[in-house]
Amino acid sequence: RGCSCRRADGFHVEGRGDNADVLRDGAGEEEAEIVREGVESLYSQLLHSQGSFSTASFVVPESLDEIIERTGNRYGMAVYSYGFSRTGGNYAAQIAKGVGLAILTLGSVYTVPYKDKSNIHIFIIDSEHNCVAWHNHDIGADYNPLKQKHLEKQFKRIFRKFNK
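The structure presented is a predicted model; accordingly, all values stated were derived computationally and were not measured. (Residues numbered from 1 in each chain as written. Predicted model: local features only at pLDDT ≥ 70, side-chain atom pairs only at ≥ 80, totals over all residues. Heavy atoms only, no water.)

### Topic: the packing of aromatic side chains
Thought 1: In this structure the tally under the stated criterion is five aromatic pairs.
Thought 2: Through successive ring pairs, a cluster of aromatic residues spans Tyr43, Tyr80 and Tyr82. (Phe/Tyr/Trp six-rings, centres within 6.5 Å; stacked < 30°, edge-to-face > 60°.)

What follows is the structure, given as structure tokens:
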């Protein structure tokens, strides 16, 4: 699975699986892979922190730091997103599975499936101090990751906290 397209603003977008990287024109596959690995490293640190993290505890991969410095900027933004969107038939099957489980366990266990889910994590990296300056996320239950209006709502919620 994957995609590749050129946006109107001159960025090249490449995606593979559940994440995508946006790089300036001229970035090769090798640099795209370095960015992917760096962002996945940040996300992995977030998962292993088990909610007790501070931005100071993140270790920014040197490769990401070098890419940001090469652009002549002090700060860079890394986005890690993942999600799914079920088709009507798949969603109905998940509901039926939940009902069947509830019947078998006499109501002590039941599941409520999501039709859509979109999770977005954003890291602002300070290349001068080699640290994550800011991090925030939004877990969009019942938000379709393929619909622009849902993504816009999530980004607004994430960056609302940036301004405070």
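### Some words on the packing of helix H1 (residues 29–48) against helix H2 (residues 62–70)
Thought 1: Close contact between H1 and H2 brings their axes to 9 Å; oriented N to C, the two are set at 125°. Classed by the angle they form, the pair H1 and H2 counts as oblique. Along this stretch, H1 crosses H2, giving a crossing that reads as left-handed. Facing Glu31, Ile34, Val35, Gly38, Val39 and Leu42 of H1, the residues of H2 in contact are Ser63, Leu64, Ile67 and Arg70.
Thought 2: Classifying every residue of the contact of H1 with H2 gives six nonpolar, two polar and two charged. (Axes fitted to C-alpha atoms, helices over the stretch in contact; angles between N-to-C directions. Helix = DSSP H or I, 4+ residues; strand = E, 2+ residues; numbered from the N terminus. Parallel < 35°, antiparallel > 145°, perpendicular 65-115°, else oblique. Left-handed = near helix turned anticlockwise from the far one by under 90°. Contact = heavy atoms within 4.5 Å. Nonpolar A, V, L, I, M, F, W, Y, C, P; charged D, E, K, R; others polar.)

### Overview of the environment of Glu40
Thought 1: Its place among the elements puts Glu40 in helix H1.
Thought 2: Placed 39 residues apart in sequence, Glu40 and Val79 show a C-alpha to C-alpha distance of 9.7 Å.

### A few points about H2
Thought 1: Among all positions of H2, only Leu64, Asp65, Ile67 and Ile68 are buried. Projected onto a plane normal to the axis of H2, the buried residues spread over an arc of 160° and lie on a single side. In this structure, H2 carries Glu62 and Arg70 as exposed residues pointing more than 90 degrees from its buried face.
Thought 2: Looking at the buried residues of H2, the elements they touch are H1, strand E4 (75–85) and strand E5 (116–126).
Thought 3: Gly72, located one to two residues past H2, shows a positive phi value of around 85°. (Buried < 20%, exposed > 50% of the residue type's maximum accessible area, 1.4 Å probe, protein only. Arc of directions from axis to C-beta.)

### Description of the nonpolar core
Thought 1: The biggest cluster of nonpolar side chains holds 15 residues, and the ones touching the most others in it are Leu42, Phe58, Leu64, Ala78, Phe123, Ile125 and Val132.
Thought 2: Of all the elements in the fold, those that place two or more residues in this core are H1, H2, E4 and E5.
Thought 3: It is H1 that contributes the most residues to this core, five residues altogether.
Thought 4: Residues Ile122, Ile124, Trp134 and Ile158 belong to the second largest nonpolar core, which totals five residues. (Core = buried A, V, L, I, M, F, W, Y, C linked by side-chain atoms within 4.5 Å.)

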